[in-house]
Amino acid sequence: MLLKIENLHSGYGKFLVLRGIDIGVNEGEIVVLIGPNGAGKSTVLKSIVSMTKIQSGRIIFKGQDLLKIATHDLIRLGISYIPQGRIIFSNLTVKENLLMGGFILDDDLLNSRIEIVLNIFPHLRKKLHLQADSISGGEQQMLALARGLIADPELLLLDEPSLGLAPKIQEEVFVKIQEIRDSGISVLLVEQNAKKACEIADRVYLLENGEEVLSGGRDILAHPLIQKVYLGG
Ligand SMILES: Nc1ncnc2c1ncn2[C@@H]1O[C@H](COP(=O)(O)OP(=O)(O)OP(=O)(O)O)[C@@H](O)[C@H]1O
Ligand SMILES: [Mg+2]
């Protein structure tokens, strides 16, 4: 198993959000976290990158205890985190944003990685010299994904990549995430759009109130609990 989260209790200061979370991500999988607002989905990702206060439990990546590793060293280990909200450097160009994603690489490697990533996101090639906030919302999300791939991660942590995008663009984002998985990168994906996310998932976990209430394959969508959470039935 690439990533293993065991009995995680984590939160902010004294405020405990996650109470006993167990999540696993195997190589080459898309694992999806769904759940209502405030369930603790983002907190799971932030815990992996040491941005929360972990009270107990373990997070193991490739046999290493992540609690002992500083956030800025995670990219070297092979973990790339793309936070909620399409975070790009809006006053830099598209190219400069991509360069930022590879700050740990030497110049030759960085240039070859940018080429590889631009082949996955060919639309960005024509936009390289534009300021990042001048491209469309969908393109900004693609840029955030692209930047996350520059350092050649083994695990991509993605927080709500489809949020605020038109349905057609959301569709494109989900297709890209599948392409990323098919290229051998594991993905831990947080999504509000449970239906779309489950369709591309290898495994799904449902969080509610900081607890894991259900897990299973993509067919989990038909489970009465999910119907209840998402459809109020
Ligand atoms: N920096 C923070 N400091 C204190 N509390 C926080 C912080 N970030 C989140 N919380 C609280 O932690 C709980 C879980 O939040 P989290 O962002 O993980 O939920 P989420 O499932 O990602 O929700 P959403 O779907 O709205 O993004 C919420 O009660 C939230 O108010
Ligand atoms: Mg969130």
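Chemist: Quick question: what am I supposed to make of the overall build of the chain here?
Modeler: A tally of helices and strands in the chain yields 8 helices and 10 strands. Since a compact globule built from 233 residues should have a radius of gyration of about 17 Å, the 17 Å found for the chain is in line with a globular shape. Principal-axis analysis of the C-alpha atoms places the extent of the chain at approximately 45 × 40 × 30 Å. Long-range pairs, those at least 24 residues apart, make up 67% of the contacts in the chain between residues at least 6 apart in sequence. Summed over its atoms, the accessible surface of the chain is roughly 10,600 Å², and 52% of this surface lies on carbon and sulfur atoms. In the chain, 25 positive and 28 negative side-chain charges are present, and the distance between their average locations comes to 3 Å.

Chemist: Hey, could you run me through the coordination of the magnesium ion (ligand 2) in this one?
Modeler: In an ideal octahedron of six donors the angles at the metal are 90 or 180 degrees, and in an ideal tetrahedron of four donors they are 109.5 degrees. All of the protein donors around the magnesium ion (ligand 2) are Ser42 (OG) and Gln84 (OE1); their distances to the metal are 2.0 to 2.4 Å. Placement of Ser42 in helix α1 (residues 41-48) and of Gln84 in the loop between β6 (79-82) and α3 (94-100) is noted, with a sequence separation of 42 residues between them.

Chemist: Could you clarify how one ought to interpret the site of ligand 1 in this entry?
Modeler: Taken together, 15 residues lie near ligand 1, and Gly38, Lys41, Ser42, Thr43 and Gln192 sit nearest. Gln84 is positioned such that a nitrogen or oxygen atom in its side chain is 3.3 Å from an oxygen atom of ligand 1. Starting from 640 Å² of accessible surface for ligand 1 in isolation, the protein chains cover 64%. Among the elements of the structure, β2 (15-25) and α1 are those that each provide at least two residues to the shell around ligand 1. No other element matches α1, which puts 4 residues into the shell around ligand 1. A breakdown of the residues in the shell around ligand 1 according to their chemical character gives 5 nonpolar, 7 polar and 3 charged.

Chemist: How should the sheet that holds β6 be read in this particular structure?
Modeler: Within a beta sheet, neighbouring strands are joined by backbone hydrogen bonds and run either parallel or antiparallel to one another. With mixed pairing, the 6 strands of this open sheet are ordered in space as β6-β7-β8-β3-β9-β10. On the outer flanks of this sheet lie β6 and β10 (211-216), each paired with one strand and no other. Geometrically, the sheet is characterised by an average inter-axis angle of 15 degrees between neighbouring strands, direction not taken into account. Strand contacts of α1: β3 (30-34), β6, β7 (155-159), β8 (186-190) and β9 (203-208), with the helix running at about 145 degrees to β7, the strand carrying the most contacts. This element, helix α5 (residues 137-149), spans β6 and β7 of the sheet and lies at about 165 degrees to β6.

Chemist: Explain the pattern of salt bridges to me, please; I cannot follow it from the model alone.
Modeler: Enumeration over the complete set of coordinates arrives at 17 salt bridges. Among the ionic pairs, Lys68 bridges to Asp65, the shortest N-O distance being 3.4 Å. Note on Asp65: relative accessible area 22%, which makes it partly exposed. With its nearest N and O atoms 3.1 Å apart, the salt bridge here joins Glu199 to Lys195. Of this pair, Glu199 and Lys195 both sit in helix α7 (residues 194-200), separated by 4 residues, roughly a single helical turn.

Chemist: Help me understand the nonpolar core, please; the structure alone is not making it clear to me.
Modeler: Generally speaking, nonpolar side chains in soluble globular proteins are found buried as a group. Counting 44 residues, the largest nonpolar core has Ile177 and Leu189 as the members making the most contacts within it. Ranked by residue count, the leading element in this core is α5, at 6 residues. Sequence-distant contacts of Leu189, that is, excluding residues within four places in its chain, are made with Ile30, Val31, Val32, Leu33, Leu158, Pro161, Phe174, Ile177, Ala197 and Ile200. Judged by nonpolar contacts, the second largest core, of 30 residues, contains Leu45, Ile48, Val49 and Leu207.

Chemist: Looking at this structure, how should I read the pairing of β2?
Modeler: Pairing analysis gives 8 bridges linking strand β1 (residues 3-12) to β2, with the strands arranged antiparallel. Of the residues in β2, the one forming a bridge with Leu8 is Ile21. Hairpin geometry of β1 and β2 is characterised by an intervening segment of 2 residues between the two adjacent antiparallel strands and by a positive phi of about 60 degrees at Gly13.

Calculation criteria
Residues numbered from 1 in each chain as written. Chains lettered and ligands numbered in written order. Predicted model: local features only at pLDDT ≥ 70, side-chain atom pairs only at ≥ 80, totals over all residues. Heavy atoms only, no water. Helix = DSSP H or I, 4+ residues; strand = E, 2+ residues; numbered from the N terminus. Rg over C-alpha atoms; globule rule 2.2 N^0.38 Å. Contact = heavy atoms within 4.5 Å. Areas by Shrake-Rupley, 256 points an atom, 1.4 Å probe, with all protein chains shown as cover. Lys, Arg positive; Asp, Glu negative; His and termini not counted. Charge placed at Lys NZ, Arg CZ, Asp CG, Glu CD. Donors = N, O, S within 2.8 Å, 3.2 Å for Na, K, Ca; no water. Near = heavy atom within 4 Å. Polar contact = N/O pair within 3.5 Å; in protein donor to acceptor, adjacent residues only side chain to side chain. Nonpolar A, V, L, I, M, F, W, Y, C, P; charged D, E, K, R; others polar. Pairing = 2+ DSSP bridges. Axes fitted to C-alpha atoms, helices over the stretch in contact; angles between N-to-C directions. Salt bridge = Lys/Arg side-chain N within 4 Å of Asp/Glu carboxyl O. Buried < 20%, exposed > 50% of the residue type's maximum accessible area, 1.4 Å probe, protein only. Core = buried A, V, L, I, M, F, W, Y, C linked by side-chain atoms within 4.5 Å.

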